[in-house]
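The primary structure of each chain is shown beneath.
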Amino acid sequence: AQSVAQPEDQVNVAEGNPLTVKCTYSVSGNPYLFWYVQYPNRGLQFLLKYITGDNLVKGSYGFEAEFNKSQTSFHLKKPSALVSDSALYFCAVSQAAGNKLTFGGGTRVLVKP
Amino acid sequence: KAGVTQTPRYLIKTRGQQVTLSCSPISGHRSVSWYQQTPGQGLQFLFEYFSETQRNKGNFPGRFSGRQFSNSRSEMNVSTLELGDSALYLCASSVGTGGTYEQYFGPGTRLTVT
């Protein structure tokens, strides 16, 4: 069985400061890892994914994530947060058997001006 | 390209009724997955269809079913609705299946069961 943990329910950060949203996963076999963002009353938007290769993955809107196999982590980062980054962020994992995504519980990010 | 569309956007039903939700994927996408989002359980996978065949199924009772048509459009049906079925139902499409493809989500159908 696969699982994802997002240990922080909410992250508060001042605009312009670095933003980190934590994610750890548990799978048997190679993980395919994703980050999605959800704005109020909207569906999820894809940010980035790690399939294989370079451990640092760059995605949309200036976000990046670092895959760490030994720590089974896939933390999302942004060097300089914007107020518009305030949203709900989900980490997810899938495996080769299909497109079933297992999501973490989500982390609400609040960027204050 | 148009995004994933879901109809209806909002729905109110009574316990015991049944409901059908519709999803039109992005043009060229052959995989459609369905998820249920609730405050208590978070985002949970319902099922995935690829080329009209169910590829994966989540841990939901048999009251939840789905299908996919030859044009990749998909429907999900929930029979004998229960209060706990109140949720946001999200549809997602992707080019292929196999776990490596990013999924593109629709805005969801908010179902309220009274």
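Note that the structure is predicted; figures quoted are calculated from it, not measured.

A.B. asks: Where do I start with the side chain of N56 of chain B in this structure?
C.D. replies: Mapped onto the elements of the fold, N56 of chain B is located in strand β6 (residues 53-57). A polar atom in the side chain of N56 of chain B sits 2.9 Å from the side chain of E48 of chain B. Apart from the residues lying within four places of it in its own chain, the contact partners of N56 of chain B are A97, G98, N99 and K100 of chain A together with F45, F47 and E48 of chain B.

A.B. asks: Could you clarify how one ought to interpret the interface of chain B and chain A in this entry?
C.D. replies: How big an interface is tends to be expressed through the accessible area that disappears when the partners come together. Across the boundary between the two partners, chain B contributes 24 residues, which contact 21 residues of chain A. Of the roughly 1700 Å² buried at the junction of chain B and chain A (both faces included), carbon and sulfur atoms supply 53%. Inspection of the region where chain B meets chain A yields 1 salt bridge. Among the salt bridges present, the one from K49 of chain A reaches E102 of chain B, with a minimum N-O distance of 2.6 Å. At the boundary of chain B with chain A, the tally comes to 15 residue pairs in polar contact (both at pLDDT 80 or more).

A.B. asks: Mind showing me how you'd approach the side chain of S73 of chain A here?
C.D. replies: Residues and elements named next belong to chain A. Structurally, S73 can be placed in strand β9 (residues 73-78). Residue S73 is classed as buried on the basis of its relative accessible area of 4%. Once residues within four sequence positions are removed from consideration, S73 is found in contact with C23, T24, Y25, E66, F67 and N68.

What counts, and where the lines are drawn
Residues numbered from 1 in each chain as written. Chains lettered and ligands numbered in written order. Predicted model: local features only at pLDDT ≥ 70, side-chain atom pairs only at ≥ 80, totals over all residues. Heavy atoms only, no water. Helix = DSSP H or I, 4+ residues; strand = E, 2+ residues; numbered from the N terminus. Polar contact = N/O pair within 3.5 Å; in protein donor to acceptor, adjacent residues only side chain to side chain. Contact = heavy atoms within 4.5 Å. Buried area = accessible area lost by both parts, 1.4 Å probe. Salt bridge = Lys/Arg side-chain N within 4 Å of Asp/Glu carboxyl O. Buried < 20%, exposed > 50% of the residue type's maximum accessible area, 1.4 Å probe, protein only.

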